[in-house]
Amino acid sequence: MKLIRFGSSNNEKPGVILENGEWVDTSNFGEDYDELFFENNGLSRLKSWLDDNAETLPKIDKSTRLAPPIKKPSKIVCVGLNYAKHAAESGMTLPKEPVLFFKATSAIVGPNDNVIIPKNSKKTDWEVELAVVIGKKASYVEEADAMDYVAGYMLHNDYSEREFQLEKEGQWVKGKSCDTFAPIGPFLATKDEVTDPHNLDLWLKLNGELLQNSNTEDLVFNVPQLVSYISHYMTLLPGDIISTGTPFGVGLGFNPPRYLKPGDVVELGIEKLGSSKQVAKAYTK
């Protein structure tokens, strides 16, 4: 299945994309796509409900705003330097184990919402990433069992303010968590929709220029390794997001570096997971 949420901010409803490409409203199912939904076998129950009700569901106009495909996950766990070429362009040594940091969930927005360049920002950067959504509570999971805990996958642009991230004291989280810095979607593709998450093309364009162009086969640590590793340091809850890192081609890696300015248009996509588009806007009160 392909799960979507739609509607204006704070008035968002659940839906799905049917196999024929139609968007339909699943509000009558009675549940939004949140932690309780995933925890209580919601994907299986929704699929069975759709088998009986899909033909009678209200259709959604495709000009409607798409919202984040999941509602209020407890956390976004990000993985740094997880593509070899990106580590090289960042001037950093390839890690021997996953580099973890958090991104505040208040940064989450819809896939095509504007990205707001933060107040006093000079170095706002882009990062196309494969996001993994957890389907059930995961604690001390063995790598061999890790895929059993995956609900599906999404497209994520892990926006980053490099001065806040790298030149300020403390952890990376300050440069990762600004409002609008986590557009996700357009949809959540359930695990059955993606045969091999380690062979997906991913790309990003800035004002029409292709800057990131790679494949998830270049991941240093793969999805089972990440789910298992992270679950040994914290409990992953249903609906949680693991953002698996970005390939080469970020603004920081250019000589001289390139960063976003108001009016820039960022387009990105991942094979089987759709595409998104954000317009950069200056911060205003």
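Now for a quick tour of the structure. (Residues numbered from 1 in each chain as written. Predicted model: local features only at pLDDT ≥ 70, side-chain atom pairs only at ≥ 80, totals over all residues. Heavy atoms only, no water.)

**Let's talk about the pairing of strand E1 (residues 2–6)**
Judged by how many residues are buried, E1 sits mostly within the fold: four of five residues are covered. The pairing of E1 with strand E14 (residues 188–190) spans two bridges and is classified as antiparallel. Bridge pairing in E14 links Leu-3 to Leu-188. Here E1 runs beside strand E2 (residues 13–17); their pairing, made up of five bridges, is antiparallel. Counterpart to Lys-2 in the pairing with E2 is Ile-17. Where E1 lies against strand E4 (residues 66–67), two bridges are found, and the strand directions are antiparallel. Counterpart to Phe-6 in the pairing with E4 is Leu-66. (Buried < 20%, exposed > 50% of the residue type's maximum accessible area, 1.4 Å probe, protein only. Helix = DSSP H or I, 4+ residues; strand = E, 2+ residues; numbered from the N terminus. Pairing = 2+ DSSP bridges.)

**A look at unusual backbone geometry**
Looking along the chain, the bond that leaves Asn-255 and enters Pro-256 is cis, with omega of 5°. As for its placement among the helices and strands, Pro-256 is situated in the loop between strand E17 (241–243) and strand E18 (265–270). The residue Asn-10 is not glycine, and still its phi comes out positive at about 70°. Along the polypeptide, Asn-10 turns up in the loop between E1 and E2. Positioned with a positive phi, Thr-180 is a non-glycine residue whose angle comes to about 75°. Here Thr-180 is to be found in the loop between helix H5 (173–176) and strand E13 (182–183). On the accessibility criterion, Thr-180 (11% relative accessible area) is buried.

**Some words on the layout of surface pockets**
Its boundaries defined by the atoms lining it, the largest pocket holds a volume of some 640 Å³. Along the walls of the largest pocket sit 26 residues, with Met-1, Leu-43, Lys-47, Thr-190 and Asp-192 positioned nearest its centre. Contributions of two or more residues to the lining of the largest pocket are made by E2, helix H2 (42–53) and strand E11 (150–157). The biggest single contributor to the lining of the largest pocket is H2, with six residues. Of the volumes computed, that of the second largest pocket is approximately 310 Å³. Considering the residues around the second largest pocket, the lining is formed by 13 residues, among which Arg-5, Asn-10, Glu-12, Pro-68 and Ile-108 are closest to the centre. Partitioning the lining of the second largest pocket into residue classes produces five nonpolar, three polar and five charged. (1 Å grid on protein atoms, 1.4 Å probe; cavity = no way out; pocket = protein on both sides within 12 Å on 5 of 7 lines; lining within 4 Å. Points joined across faces, edges and corners; volume = space filled by probe spheres on them. Nonpolar A, V, L, I, M, F, W, Y, C, P; charged D, E, K, R; others polar.)

**What to know about H2**
If you check H2, its first and last C-alpha atoms are 16 Å apart, about what 12 residues at 1.5 Å a residue would give, namely 16 Å. Those residues of H2 not exposed but buried are Gly-42, Leu-43, Leu-46, Trp-49 and Leu-50. Buried residues in H2, looked at end-on, bunch into an arc of 125°, giving them a common side. Among the exposed residues of H2, those oriented more than 90 degrees off its buried face are Asp-51 and Asp-52. On the buried face of H2, the contacting elements are E1, E2, helix H1 (35–39), E11 and E14. (Expected span 1.5 Å × (residues − 1). Arc of directions from axis to C-beta. Contact = heavy atoms within 4.5 Å.)

**Description of the state of the cysteines**
Counted under the stated rule, the structure contains zero disulfides. No disulfide involves Cys-78; its sulfur sits 13 Å from that of Cys-178, the nearest cysteine. Look at Cys-178 and you get buried, because its relative accessible area is 15%. (Disulfide = S-S within 2.5 Å.)

**Some thoughts on the pattern of salt bridges**
Within the structure shown, the criterion is met by 16 salt bridges. Arg-65 is paired through a salt bridge with Glu-12; the nearest N and O atoms lie 2.9 Å apart. Residue Arg-65 is found in the loop between H2 and E4, and its partner Glu-12 is found in the loop between E1 and E2; the two are separated by 53 residues along the sequence. A relative accessible area of 25% places Arg-65 in the partly exposed class. (Salt bridge = Lys/Arg side-chain N within 4 Å of Asp/Glu carboxyl O.)

**So, the packing of aromatic side chains**
Considering all chains together, one arrives at seven aromatic pairs under this definition. Ring geometry for Phe-37 and Phe-38: centres 5.1 Å apart, planes at 80°, overall edge-to-face. Accessibility classification places Phe-37 together with Phe-38 in one group, the buried group. Between the aromatic rings of Tyr-159 and Phe-181, the centroid separation amounts to 5.9 Å while the plane-to-plane angle is 45°, which identifies the pairing as tilted. A residue pair is termed long-range when its members are at least 10 positions apart, and Tyr-159 in the loop between E11 and strand E12 (160–161) and Phe-181 in the loop between H5 and E13 qualify at 22 residues. (Phe/Tyr/Trp six-rings, centres within 6.5 Å; stacked < 30°, edge-to-face > 60°.)

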